[in-house]
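Here is how the chains run, residue by residue.
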Amino acid sequence: MKKHLDGLVVMGTSAVRDIKPQAAFDNGLVLHSATVSDKLTTGLLLLANLEKLVRSVNATRSFQSEEDLMDAVDDIIEIFPSLKIEEVLMCFKHIRQGKYELFGNLTTNTLIKCLHKYELDNTVPMRERQHTEQAKELPY
């Protein structure tokens, strides 16, 4: 787990540059597990990627301080413990690419809404498929 997390830190945004949501779901590191393994590294990884996102998005209303960014990272970890780190980074990439409408705002609230949308559009259907496949394998 720690090795996976360290690999994400070294790879930076290239970790999700060429992967699809299915690969992030299948091979990613669960946010809660990463936090239990190394809370500081997990937080710093998300913080660095969030700072990069803020710089790349031209939002008229955004985070005002480093503390605001750290609060947003804490909120992500608290609200989305079952998402994979790669899925969070994939959502950041989608925001940067304009797949989610920001209406000039990139705040914690907007970020949480984007992550919920990513989860509903991608993660939930994949989880449902995974559960259905596992249920078929169970002997009754």
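Structure: see above.
J.: Any chance you could explain the overall build of the protein here in plain terms?
T.: Along the protein, the regular secondary structure elements total eight helices and two strands. The N-to-C order of helical and strand elements in the protein reads α-α-α-α-α-β-α-α-β-α. Its C-alpha radius of gyration of 15 Å places the protein within 12% of the 14 Å reference for a compact globule of 140 residues. Once the C-alpha set of the protein is aligned to its principal axes, its extents read approximately 55 × 30 × 25 Å. The 140 residues of the protein split such that 44% are buried. Carbon and sulfur atoms make up 53% of the accessible area of the protein, which amounts to about 8100 Å² in all. Taken together, the 17 basic and 20 acidic charged side chains of the protein have centroids lying 6 Å from each other.

J.: I would appreciate a short explanation of the environment of Q22 in the present structure.
T.: As for its position among the elements, Q22 is in helix α3 (residues 21–27). Residues Q22 and N122, spaced 100 residues apart in sequence, show a C-alpha to C-alpha distance of 7.9 Å. In this view, Q22 contacts M126 and R129; residues no more than four positions away in its chain are not counted. One polar contact links Q22 to R129, side chain to side chain, over a distance of 3.3 Å.

J.: I would appreciate a short explanation of the nonpolar core in the present structure.
T.: For soluble globular proteins, nonpolar side chains are generally found buried alongside one another. One finds L50, I85, I95, L106 and L111 to be the most contacted residues of the largest nonpolar core, which totals 37 residues. For this core, the elements supplying multiple residues, two or more each, are α1 (2–11), α4 (31–37), α5 (39–56), α6 (66–79), α7 (85–96) and α8 (108–137). Sort the elements by how many residues they give to this core and α7 lands first, with seven residues. When sequence neighbours within four positions are dropped, the list of residues in contact with L106 reads L53, V54, V57, A59, R61, S62, F63, I95 and L111.

J.: In this structure, what is going on with the packing of aromatic side chains? I would like to understand it.
T.: How two aromatic rings sit relative to each other is given by the distance of their centres and the angle of their planes. Per the counting criterion, the structure on display carries zero aromatic pairs. If you follow K84 out to its NZ or CZ, it ends over the ring of F25, 4.7 Å from the centre.

J.: What exactly am I supposed to notice about the side chain of E119 here?
T.: By secondary structure assignment, the location of E119 is in helix α8. Setting aside anything within four residues of it in sequence, one finds E119 in contact with F80, S82, L83, V124, P125 and R127.

J.: What is the right way to read the packing of α6 against α8 from this model?
T.: Packed helices, taken two at a time, are described by their axes: the angle between them and the distance between them. At a minimum axis separation of 10 Å, α6 and α8 run at an interaxial angle of 30 degrees. One element, α6, and the other, α8, form an angle in the roughly parallel class. Along this stretch, α6 crosses α8, giving a crossing that reads as right-handed. Contacts between α6 and α8 involve D68, A72, D75, I76 and I79 from the first element and T108, L111, I112, L115 and H116 from the second.

J.: So what exactly am I meant to see when it comes to α7 here?
T.: Taking 1.5 Å as the rise per residue, α7 with twelve residues should run 16 Å; its terminal C-alpha atoms sit 17 Å apart, in good agreement. With eleven of its twelve residues buried, α7 lies for the most part within the structure. Residues I85, E86, E87, V88, L89, M90, C91, F92, K93, H94 and I95 constitute the buried set of α7. Backbone geometry just after α7 places G98 at a positive phi near 85 degrees.

Definitions and cut-offs
Residues numbered from 1 in each chain as written. Predicted model: local features only at pLDDT ≥ 70, side-chain atom pairs only at ≥ 80, totals over all residues. Heavy atoms only, no water. Helix = DSSP H or I, 4+ residues; strand = E, 2+ residues; numbered from the N terminus. Rg over C-alpha atoms; globule rule 2.2 N^0.38 Å. Buried < 20%, exposed > 50% of the residue type's maximum accessible area, 1.4 Å probe, protein only. Areas by Shrake-Rupley, 256 points an atom, 1.4 Å probe, with all protein chains shown as cover. Lys, Arg positive; Asp, Glu negative; His and termini not counted. Charge placed at Lys NZ, Arg CZ, Asp CG, Glu CD. Contact = heavy atoms within 4.5 Å. Polar contact = N/O pair within 3.5 Å; in protein donor to acceptor, adjacent residues only side chain to side chain. Core = buried A, V, L, I, M, F, W, Y, C linked by side-chain atoms within 4.5 Å. Phe/Tyr/Trp six-rings, centres within 6.5 Å; stacked < 30°, edge-to-face > 60°. Lys NZ or Arg CZ within 6 Å of the ring centre and 35° of its normal. Axes fitted to C-alpha atoms, helices over the stretch in contact; angles between N-to-C directions. Parallel < 35°, antiparallel > 145°, perpendicular 65-115°, else oblique. Left-handed = near helix turned anticlockwise from the far one by under 90°. Expected span 1.5 Å × (residues − 1).

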